[in-house]
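Summary of the model geometry
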Amino acid sequence: MKPATGPITYKSGMSVGDFANELKRPAADIIKKLMELGTMATQNQSIDKETAELVCLEYGLELIEEEVTDPSRFEELTIEETEEDKVSRPPVVTIMGHVDHGKTTLLDTIRSARVTEGEAGGITQHIGAYQYAKDGKAITFIDTPGHAAFTEMRARGASITDIVVLVVAADDGVMPQTKEAIDHAKAAKCPIIVAVNKMDMPGANPERVKQELTEFELVAEEWGGKTVFVEMSALKNEGVDDLLEMILLVAEVEDFKANPTRAAEGTVIESKLDKHRGPVATLLVQNGTLKAGDSIVVGTTYGRIRTMNDDLGNKLDTVPPGTAVEITGISDVPLAGDAFKVFDEEREARTISETRAHRSWREEFSGGKPMSLDEMFANAAEGDTKLLRIIVKGDVHGSIEALKSSLESIDVEGANIEILRASVGTITETDVSLASASGAIIIGFNVRPSAAVRAIAEEKHVEIRLYNVIYKTLEDIELALQGMLDPEYKEVVIGQAEVRDTFKVSRLGTVAGCYVTSGVIVRDALVRLLRDGVVIYEGKLSSLKRFKDDAKEVKQGFECGMMVENYNDIKVGDVIEASTMKEVER
């Protein structure tokens, strides 16, 4: 076989073996080359584009990415569009910032202002997104939760976002999660508007906030920069209108457009299993117009859209780009962050979803990713590490994702966590069987198992722990991890005795006649023999007597006879110190 000389085509998810065929070289050569680059891999493991590029560089070849024509990889397909087809769409805004800086209050203020403006629909329900119209122009707000646990969701929130509103408390300034939010916004290349909140608080100092943010290249317009700063108080509804105006202004400058005439596509914001309506997903339509009755592929599931509702519960027939909507009619609960696309026929949608499901299954079980040498050494060094296996079940995909990333970030030295499964829905017999087979515990978040499942869990000695607060879950798991570790002991001195006389006993050895000067001497204690303050022997007592009787312990001020195991060179004036090992809390 003659090695390849032309450009090498990289296909998403290709294995090391496929890549070797593409290079027309033996797989062993490629594995060796990967080892030289510090990556351990077998030929069945998938190779990412960056690693493939490095290997091609070693051989002096160019790597090109294949042009995707496979409809089952629709999120990678690019469709050429003319400017004439595109129309303006509402901007999609995510509000980010540190916990307690007022994100939720701001969202609630905007939401309640809209409800009190007399919109129909009545009860608002949490669908993860809502729309607000100002001066006849709509803005779509994505409601991403705000604790550090939700970093992953925020990262995903930013990737579907046009504008990020960064909320910073005027009395608190830049905090760790503020920096995180800035990183996400920059990674998604989104314009940032800074909302300096809590201006009504004593100690509010907007100038300090502006100063601190210059470190992150966010320079206020009045300081010669390009970042819009809005001073406001979400609690008192002051400056919120200015913020909305600024969002519309930035949207006008950025000129967000989409083609409403093509087949709809976009991203899942949130998903859950509703006991009355079945699988429910909140979709953000990013292109095209979504219609009731459309055949749709969402991630690895599919269906026909049965109902579409906005967050006020209004039924919708069509949904234009830049709008979020809650749909029912799909066959399974998708994952938040999954892409969706509408197809002409349900049969085609079904085939494509099956292909996608099979591909994702294959990727999951294809021997995983290649491991670097550093990781291999780390794993070898952690041979003594305890492992806690967990199965996570919850009501909404968002909270499962949050819980999963929080659990993975728990750091207890000498103990690790492995999450075997994390999915939406109640705890089932299958979960119990998996837990039983792998020695895992099951965590239910806002879900409750049936009596039958509880009975099976008891029978198989599988522990099910139910929670509705993330912090409580993390606390318990951290304690459980610490409890798995071998207990730590420290030595505690419990008494000392002075040798006043010695007796040689044939066949037994030397008996020391002692006087207990402090504490207590216990028969199973560890002892040290001290001569002039220097330790000359460490061992155990072989006997402890009061007169001729065996004693369990002898207290201060009493005399006793002692023999030290395997040691006879005891002299008058020596001190015998007794100690015991006490378990200490980690």
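Everything numeric in this text was worked out from a predicted model, so none of it was measured.

Some points on the sheet that holds strand 19 (residues 339-343)
Around the barrel, six strands lie side by side as 12-13-18-16-15-19; this closed barrel has antiparallel pairing. Adjacent strand axes in the sheet meet at a mean angle of 45 degrees when their direction is disregarded. Alignment of strand 15 (residues 295-298) against strand 19, held across four bridges, turns out to be antiparallel. The residue of strand 19 that forms the bridge with valine 297 is lysine 341.

Topic: unusual backbone geometry
A positive phi is found at glutamate 217, a non-glycine position, where the angle reads about 60 degrees. Tracing the backbone through its elements, the reader meets glutamate 217 in the loop between helix 7 (206-214) and strand 10 (228-231).

Examining the environment of arginine 448
Topologically, arginine 448 is positioned in the loop between strand 23 (440-445) and helix 13 (451-459). Residues arginine 448 and tyrosine 467, 19 residues apart in the sequence, show an inter-C-alpha distance of 9.4 Å. When sequence neighbours within four positions are dropped, the list of residues in contact with arginine 448 reads Thr426, Arg454 and Leu466.

Regarding the packing of aromatic side chains
A ring pair, where both rings are aromatic, is described by two values, the distance of the centres and the angle of the planes. Under the defined criterion, the tally for this structure stands at two aromatic pairs. Both rings, one in tyrosine 537 and one in tyrosine 567, keep their centres 4.5 Å apart while their planes meet at 15 degrees; by these two values the pair is stacked. Pair noted here: tyrosine 537 is in strand 28 (residues 534-546) and tyrosine 567 is in the loop between strand 31 (559-564) and strand 32 (575-584), with a separation of 30 residues, a long-range link. Judged by its relative accessible area of 16%, tyrosine 567 is buried. The ring of tyrosine 59 carries arginine 25 above its face, with NZ or CZ at 3.9 Å from the centroid. Sitting over the face of the ring of tyrosine 59, lysine 33 holds its NZ or CZ atom 5.1 Å from the ring centroid.

About the thresholds
Residues numbered from 1 in each chain as written. Predicted model: local features only at pLDDT ≥ 70, side-chain atom pairs only at ≥ 80, totals over all residues. Heavy atoms only, no water. Pairing = 2+ DSSP bridges. Helix = DSSP H or I, 4+ residues; strand = E, 2+ residues; numbered from the N terminus. Axes fitted to C-alpha atoms, helices over the stretch in contact; angles between N-to-C directions. Contact = heavy atoms within 4.5 Å. Phe/Tyr/Trp six-rings, centres within 6.5 Å; stacked < 30°, edge-to-face > 60°. Buried < 20%, exposed > 50% of the residue type's maximum accessible area, 1.4 Å probe, protein only. Lys NZ or Arg CZ within 6 Å of the ring centre and 35° of its normal.

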